[in-house]
Amino acid sequence: MPGEGGSDAGLPGRHLNHRRNVSVLARSVGNAFRNKVRTAAVVAVLAVAIGLALAMLVANQAVGAKVQELNASVGTVLTVNPAGGQGFEGGGEPLTTGLAATAAAVPNVSAVVGTSSLRLRNATEAAAQTGTGGQGPGGQGGPGGQAAATLTTSLTAAVDAGTLGNRNQQANGTTGSTGSTTTQPMRSLPITATGIGAEVDTTGKALTITEGAGLGDYTAESTNALLGTTLAEKNNLTVGSTFTINDQTYTVSGLFDAGTTFGNNAVYLTLPAAQALAGLPDELSSMIVTVNSLDNVASAKTALQDALGTDKADVTQGQNLETAVSSLGSVKNISFIAFVAALGTAGLIILLIMVMLVRERRREIGVLKAIGAPNRTIGLQFVLEALVLAALGSTAGAIIAAFASSGIASALISTNSTGTTTATTAGRGMPGGVPGGGAGFPGGGAGFPGGNPFGGASQLLTSVTASASPGVIAAGIAAVFGVAIIGALVPALLTARIRPIEVLRGE
Amino acid sequence: MIEVKNLVRTFNSGDRTIKPVNDVSFVLEQGTLASIVGKSGSGKSTLLSLLGALDKPTSGDVAVNGVSLAGMPDAKLTEYRRRDIGFVFQQFNLIPNLSAVDNVMLPMEFAGMRKAARRQRAKDLLEQVQLVQDKHDRRTNRLSGGEQQRVAIARALANEPKLILADEPTGNLDEQTGDHIISLLSALSRDHNTTILVVTHDRALANKTDRRFRLQQGKLTEDQAHHRTPLPVTA
Ligand SMILES: Nc1ncnc2c1ncn2[C@@H]1O[C@H](COP(=O)(O)OP(=O)(O)OP(=O)(O)O)[C@@H](O)[C@H]1O
Ligand SMILES: [Mg+2]
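Residues numbered from 1 in each chain as written. Chains lettered and ligands numbered in written order. Predicted model: local features only at pLDDT ≥ 70, side-chain atom pairs only at ≥ 80, totals over all residues. Heavy atoms only, no water.

## Examining the overall build of chain B
Basically, it comes down to this: Elements are defined by DSSP. Helices are runs of H or I of four residues or more, strands are runs of E of two residues or more, and each kind is numbered from the N terminus. Contact definition: two residues touch when any of their heavy atoms are within 4.5 Å. Using the Shrake-Rupley algorithm and a 1.4 Å probe, accessible areas are obtained, with residue cover drawn only from the displayed protein chains.
Tallying secondary structure elements over chain B gives seven helices and ten strands in all. Taking the contacts inside chain B whose residues are at least 6 apart along the sequence as the reference set, 68% of them involve residues at least 24 apart. Total accessible area on chain B is roughly 10,000 Å²; 47% of this is exposed by carbon and sulfur atoms.

See below:
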């Protein structure tokens, strides 16, 4: 008899709501699997939409981060190189400190940093080559056509020459060594030494000093030097150690990390020290001009070019970079639109399927109401059922995205940056198609030596795949659940309008 | 106590208006076991749906213990159905993908009862309607018509309602099982002061009730001078 069955055990109460919700959830899960074939079909379609959304989000985030990085690195920086310093053959006049003063006087220019590039060869290797080849590499012009002194050092390069490096050295350093090619010793890449007037690298980016301190007074001749981390490691040097360039002893005052292998195979000296080593006290290899704001970059560039004269200097903004940033920007926009569209599609799929389910279960909803289910319980049951579908779709979608992300991102980027890649290669004035590998030397016109901030599409792709982080995926899935709730809310609210009398209607 | 006053429900079907409930009035004291007989299509189910607040009357009113259902907000009507009414549907209306026990547990869940308690009570109720133990956890769409009917009765009793409205509760049962259900309902009205209104085609059942009504073309009449036949207590 009712009443004997422990009716006191379960008094109704608000604090019991969560128990009720557990049962609602169990029913929702059960309902989601009621028609297994249909559920599988819905989940498959959802997975495609969600997978696409996640892949687009990953691409968007990766490209966004890259654009920010590029803008931050060369946003307001102009590079001045000697006129005619493009391509293999170069001529014209070198830049002088006088021109640096002219540049500094141009409106909106906030800083001018002169650099003087030196090419360092390991003393032992150089001697060996001189022995076999007859003619040493000393005094050779840089591959970019720009004069740069080659000096000997006690340092050993941290990077092997590689195919391109060997080819370059053969062309440059062993011109007279006919017949001796069979006995070429193993070579390493020359080390780039740059005299700088401020604590920036050759692209104008502030140096990241990981150990020790800066050079001290950058404008005075000093025996302090900054070493790239890998170069220091290779030579077992730390802060306070010494090494020599042309028999002159230098002290390591600090270590820096440029972020790339080639960028870290470099030495920074003060500008006067480098000029003294080169024996060209008044000359500059390049000038790094910082403009006070991004808006003034274009006008300052024109003004600077006029002030210096086209016969003397080339002012470059890293045009290729600008193009790259804008084409990457459009990739970012496209991927964002695609993300929103795919997300919207997922929401729409959920909306439609839930509307269909509500219609199909009209009578059953009537039964629940007839036996006293509150509207919110029924609504919640349908929202939870939609979330079960969204969860299944997200799981499958995340797997799809994991496989499709890098493919989709590279497809987007390669179609949008083909022109850019070509421009970069040409502008660098180096035969190297391998980013960074051939760009270790700053002589090549508009090159970005070492810390080359734009290495073409392939470098971008590495960072694109690396950015497919769990955080981005989680954010994407959170967005999917948000959309699923919105999509399920409409049909859930529709259930409130179903009247309990529906139970008496035939199906 | 349930008071029905001038209750009317009309339907528009095409150009005709049908009145399955046409000016029905009666009063049932608490604890009465009553029956309604009538031809198919005479409006029995329609009348029950009005009493159970599943549907709203075209005019007239139903008052339960002095409280009128007319003008009551939907949330209150839901509460009324949950707390005060046990409805046995003619078509059973069980949730097909839930087990017998889960179906019986539903009204208790909506009333906020603890899971363990409602499970225990659901099993007790299924025992009372003589559903064998090994069918308690079977999905109701895998039960026979008679078994489903008994699950529907058990579900109607779940929240110890004051009023049970049963639409042909023995229609799918064999005589013996039907008799058992009748004794169960009879005992409820007698021992728990539950008001029970049963729609039936079964003369024998009707004869065992305190009051007998007849619905003909929307009009309700009562058979006079009737005495309830004593029943053996089985439960
Ligand atoms: N929603 C509706 N719209 C139109 N007509 C309806 C509706 N619901 C019921 N009817 C009609 O009202 C009349 C009474 O129906 P009801 O279901 O109450 O009959 P009943 O007495 O329960 O019959 P049975 O014994 O066969 O179950 C029937 O003629 C039916 O067609
Ligand atoms: Mg009927």
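Next, the rest of the story.
## Considerations on the packing of helix α5 (residues 145–157) of chain B against helix α6 (residues 175–191) of chain B
Residues and elements named next belong to chain B. In plain terms, the rule: Note on method: axes are straight lines fitted to C-alpha atoms, helices fitted across the in-contact stretch only, with angles between N-to-C directions ranging 0 to 180 degrees. Should an angle lie under 35 degrees it is considered roughly parallel, over 145 roughly antiparallel, and from 65 to 115 roughly perpendicular; all remaining angles are considered oblique.
At a closest axis distance of 12 Å, the pairing of α5 and α6 adopts a crossing angle of 5°. Taken together, α5 and α6 sit at an angle that is classed as roughly parallel. Seen from α5, the contacting residues are R150, I153 and L157; seen from α6, they are T177, I181, L184 and L188.

## As for the confidence of the model for chain A
Applicable threshold: Values of pLDDT, ranging from 0 to 100, describe the predictor's confidence in every residue of the model.
In the predicted model, chain A carries a mean pLDDT of 74, and the fraction of residues at 70 or more is 68%. When pLDDT is averaged over each helix and strand of chain A, the minimum, 42, is found for helix α12 (residues 456–466) of chain A and the maximum, 95, for helix α10 (residues 362–370) of chain A.

## What to know about the interface of chain A and chain B
To be explicit about the condition: Accessible area that two parts lose when put together, with a 1.4 Å probe and added across both, is what the buried area reports. Put simply, a salt bridge is a Lys or Arg side-chain nitrogen that is within 4 Å of an Asp or Glu carboxyl oxygen. Think of a polar contact as two N or O atoms within 3.5 Å of one another; within protein, one of them needs to be a possible hydrogen donor and the other a possible acceptor, and neighboring residues in sequence only count if both atoms come from side chains.
The interface is formed by 35 residues belonging to chain A together with 36 residues belonging to chain B. Carbon and sulfur atoms make up 61% of the area that chain A and chain B hide from each other, which totals about 3,100 Å². Connecting chain A to chain B are one salt bridge. Here E109 of chain B and R27 of chain A are joined by a salt bridge, their closest N and O atoms 2.8 Å apart. Seen at the junction of chain A and chain B, the total is nine residue pairs in polar contact (both at pLDDT 80 or more). Every element with two or more residues in the side of chain A that touches chain B is listed here: α1 (17–32) and α10 of chain A. Per-element accounting of the side of chain A that touches chain B gives the leading share, seven residues, to α1 of chain A.

## Some points on the coordination of the magnesium ion (ligand 2)
All names here are of chain B. How we decide: The donor definition counts N, O and S atoms within 2.8 Å of each metal and applies 3.2 Å to Na, K and Ca; water is not among these atoms, so some sites may look incomplete. Each residue is placed in one exposure class: buried if its accessible area under a 1.4 Å probe, protein chains only, is under 20% of its type's maximum, exposed if it is over 50%, and partly exposed if it falls in between.
For the magnesium ion (ligand 2), the full set of protein donor atoms is S45 (OG) and Q90 (OE1), at a range of 1.9 to 2.3 Å. Of this pair, S45 sits in helix α1 (residues 44–51) while Q90 sits in the loop between β6 (85–88) and α3 (100–110), placing them 45 residues apart in sequence. Using a relative accessible area of 23% as the deciding quantity, one classes S45 as partly exposed. According to the relative accessible area criterion, Q90 is partly exposed, its value standing at 35%.

## A word on the site of ligand 1
Going by this rule: If a single non-hydrogen atom of a residue is within 4 Å of a molecule or strand, that residue counts as near it. The nonpolar class holds Ala, Val, Leu, Ile, Met, Phe, Trp, Tyr, Cys and Pro. Asp, Glu, Lys and Arg form the charged class, and all remaining residues, Gly among them, are polar.
Taken together, 14 residues lie near ligand 1, and S40, K44, S45, T46 and Q90 of chain B sit nearest. Ligand 1 sits at the junction of chains A and B, each of which supplies nearby residues. Contacts to ligand 1 include T46 of chain B, whose side-chain N or O atom sits 2.6 Å from an oxygen atom. Elements that contribute at least two residues to the shell around ligand 1 include exactly β2 (16–28) and α1 of chain B. Ranked by residues supplied to the shell around ligand 1, first place goes to α1 of chain B with three residues. A per-class count over the shell around ligand 1 returns three nonpolar, eight polar and three charged.

## Looking at the sheet that holds strand β4 (residues 59–64) of chain B
All names here are of chain B. What counts, and what does not: Between any two strands, at least two bridges found by DSSP are needed for them to pair.
On the basis of which strands lie adjacent, the open sheet formed by four strands has the order β2-β1-β4-β5 and antiparallel pairing. In the strand order of this sheet, the two ends are held by β2 and β5 (67–68), each with one partner. With five bridges connecting them, strand β1 (residues 2–13) and β4 associate as antiparallel partners. Each residue of the ladder has a partner; that of V4, found in β4, is V62.

## Considering the packing of aromatic side chains
How two aromatic rings sit relative to each other is given by the distance of their centres and the angle of their planes. As a reminder of what qualifies: Any Phe, Tyr or Trp ring, taking Trp's six-membered ring, that has another such ring centre within 6.5 Å forms a pair; planes under 30 degrees apart are called stacked, those over 60 apart edge-to-face, and the others tilted.
Counting across every chain of the model gives five aromatic pairs over all chains. Centre to centre, the rings of F243 of chain A and Y250 of chain A are 6.1 Å apart; their planes meet at 25°, and the pair counts as stacked. Here F243 of chain A falls in the buried class, since its relative accessible area comes to 3%. Centre to centre, the rings of F26 of chain B and F213 of chain B are 5.2 Å apart; their planes meet at 45°, and the pair counts as tilted. Taken together, the residues F26 of chain B in strand β2 and F213 of chain B in strand β9 (residues 211–216) connect sequence positions 187 residues apart. With respect to class, F26 of chain B is no different from F213 of chain B; both count as buried.

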